[in-house]
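# A structural walkthrough
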Amino acid sequence: MIAYINGAWVNQDEAVVPINDSAFILGDGLFETIRFEENHIAFLDRHLDRLLSGIRQLRYDFKYNRYEIEKNIFQAIKKNHFKKGIARIIVSRGSLEALDFRKSTQSNLYILIKDLPEFPNLPVEIMLLPSEKYNQRKGVNILKMLSYAGNIQALKEAEKHSVYEPIFYNHKNIIKEGATKNIFLIKDNFIYTPSLSLGVLDGVMRGVILETAKSLGIKRKKQSILIDDIKDFDEIFLSSSVVGPMPCTYKNYNSSYLICNQIKDEIDHLYKIKFY
C-alpha cells in the first residue's frame, strides 16, 4: 500500500517517521479516521473541521490548506485502488530540533489507507470500566489526540472478557464514553448521550446521530446516566464514523433496537453509505 509521508508517496512497508517527530516523542499529534466508499467520503467536511480546529488550538505551524488535505486523501485512495476502506489522517507538531518542543517547527502530515475492519456480530457486548484507572481524558473541548494508550489498555482488558467495547464511567459512577466510540441510549422515544462536559470526545458520528434523531422527531434528553440505570433503557448503541450506529448489549440485556436501526437507515440514505 502507498502512504503519504509529509510530501512524498511511499510504499507503506518502507515508510519512515522521523525519530524526532513530536508524535513519536511526545504523542503530540492529531488524527482522523475517515470511512470511504466508491470514492465518496462521508462526513469529510466534519472531519476536516475538527482536524483544522485542533491544529489551530494547538498552534501548529501547518502548511497545508483544506483543499490540499482533501486532494491528498483522494490521491491516496486512488493510488491504492481501494473501492472502500479507511483513510487515517495524522498531523504532528513536527520534527523537533534537539528534541525541544519549545523551538518552532513545521507540522508533519501523514495519510494511510487500510481495509475496513471485519464487522462483528450484532449486538456487540460492552462492559463498564472506571475512567480513572485507565488515564482517561478529562475537561472540556477534548481534541482527537494520538495519545490513546489508556484507551488501548481498556480495550485489552475487554478483550480478556470477550467484550467488544469498554465503556468508561467517572468517580460519580456517571457513564462517559467508550474507548473508541460514543454511547447512546433510548428511553420512551427520547435519546440520551453523555455530555461533552464530562470529558467526552465530540465524535463526528455523534453529531450526525443527534441531528438525524432530531429530524426523525426523536428528542434529546440531557441528564447524567448512572451505571446502575443503564439496563433500564429501551435501547443501547455505540457509534463511530467507521461503524455508524451499532446496537450493543450489556449483561444479557435484550432489545429490538428499533430506533437505532431507524437512525442508521436514515443516515445510510442521507449520506449514501451502507454501514452494515
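This text gives an overview of the structure that appears in the document. Keep in mind the model is a prediction, meaning the values are calculated, not measured. (Residues numbered from 1 in each chain as written. Predicted model: local features only at pLDDT ≥ 70, side-chain atom pairs only at ≥ 80, totals over all residues. Heavy atoms only, no water.)

## Structural notes on the overall build of the chain
If you tally the helices and strands in the chain, you get six helices and 14 strands. Seen along its three principal axes, the alpha-carbon backbone of the chain occupies a region of about 55 × 40 × 35 Å. With 276 residues in all, the chain has 50% of them scored as buried. For the chain, restricting intrachain contacts to residue pairs at least 6 apart in sequence, the fraction spanning at least 24 positions comes to 69%. For the chain, the accessible surface area stands at approximately 13900 Å², while carbon and sulfur atoms represent 50% of it. When the 38 basic and 33 acidic side-chain charges of the chain are each reduced to a single mean position, those positions are 3 Å apart. (Helix = DSSP H or I, 4+ residues; strand = E, 2+ residues; numbered from the N terminus. Buried < 20%, exposed > 50% of the residue type's maximum accessible area, 1.4 Å probe, protein only. Contact = heavy atoms within 4.5 Å. Areas by Shrake-Rupley, 256 points an atom, 1.4 Å probe, with all protein chains shown as cover. Lys, Arg positive; Asp, Glu negative; His and termini not counted. Charge placed at Lys NZ, Arg CZ, Asp CG, Glu CD.)

## Topic: empty space enclosed by the protein
Enumeration according to the criterion identifies one cavity of 30 Å³ or more in this entry. Taken as a whole, the largest cavity spans an internal volume of roughly 40 Å³. Looking at the largest cavity, the residues that line it are Leu30, Phe31, Glu32, Arg50, Leu51, Gly54, Leu143 and Lys144. Among the secondary structure elements, those contributing two or more residues to the lining of the largest cavity are β3 (29-37) and α2 (44-57). Grouping the amino acids of the lining of the largest cavity by side-chain chemistry returns four nonpolar, one polar and three charged. (1 Å grid on protein atoms, 1.4 Å probe; cavity = no way out; pocket = protein on both sides within 12 Å on 5 of 7 lines; lining within 4 Å. Points joined across faces, edges and corners; volume = space filled by probe spheres on them. Nonpolar A, V, L, I, M, F, W, Y, C, P; charged D, E, K, R; others polar.)

## Quick word on the pattern of salt bridges
Under the defined criterion, the tally for this structure stands at 15 salt bridges. Two residues, glutamate 70 and arginine 66, come together in a salt bridge whose shortest N-O distance is 3.9 Å. Of this pair, glutamate 70 and arginine 66 are both found in helix α3 (residues 66-80), four residues apart, which corresponds to roughly one turn of the helix. Residue classification places glutamate 70 among the partly exposed residues on the basis of a relative accessible area of 22%. (Salt bridge = Lys/Arg side-chain N within 4 Å of Asp/Glu carboxyl O.)

## Examining the packing of aromatic side chains
Evaluated as defined, the whole model comprises nine aromatic pairs. When the ring of phenylalanine 31 is compared with that of tyrosine 148, the centres are 5.4 Å apart and the planes differ by 75°; the resulting orientation is edge-to-face. Pair noted here: phenylalanine 31 is in strand β3 and tyrosine 148 is in the loop between β7 (124-130) and α4 (149-160), with a separation of 117 residues, a long-range link. Of the two residues examined, phenylalanine 31 and tyrosine 148, each falls in the buried class. In this structure an aromatic cluster arises from ring pairing among Tyr4, Trp9, Phe62 and Tyr64. Looking at lysine 79, its charged tip hangs above the ring of tryptophan 9, at a distance of 5.1 Å from the centre. Against the face of phenylalanine 190 rests lysine 221, its NZ or CZ located 4.4 Å from the ring centre. (Phe/Tyr/Trp six-rings, centres within 6.5 Å; stacked < 30°, edge-to-face > 60°. Lys NZ or Arg CZ within 6 Å of the ring centre and 35° of its normal.)

## Describing the layout of surface pockets
Counted as a void, the largest pocket has a volume near 870 Å³. For the largest pocket, the lining is made up of 39 residues, of which Thr33, Arg88, Thr180, Lys181 and Ser240 are closest to its centre. Elements represented by at least two residues in the lining of the largest pocket include exactly β3, α2, β5 (84-92), α4, β9 (175-178), α5 (204-215) and β13 (235-240). Partitioning the lining of the largest pocket into residue classes produces 19 nonpolar, nine polar and eleven charged. Lining the second largest pocket we find 17 residues, and of these Arg50, Leu196, Asp202, Gly203 and Val204 sit closest to its centre. Sort the elements by how many residues they give to the lining of the second largest pocket and α2 lands first, with five residues. Here the residues of the lining of the second largest pocket are counted per class, giving seven nonpolar, five polar and five charged.

## Here's the deal with unusual backbone geometry
Where the residue is not glycine, phi is negative for most of them; where a peptide bond is considered, it is trans in most cases. For the bond from leucine 122 to proline 123, the omega torsion is -5°, close enough to zero to count as cis. With respect to the helices, strands and loops of the structure, proline 123 is situated in the loop between β6 (108-114) and β7. Positioned with a positive phi, asparagine 39 is a non-glycine residue whose angle comes to about 65°. Here asparagine 39 is to be found in the loop between β3 and β4 (40-41). Using a relative accessible area of 49% as the deciding quantity, one classes asparagine 39 as partly exposed. Phi is positive for tyrosine 257, close to 55°, though the residue is something other than glycine.

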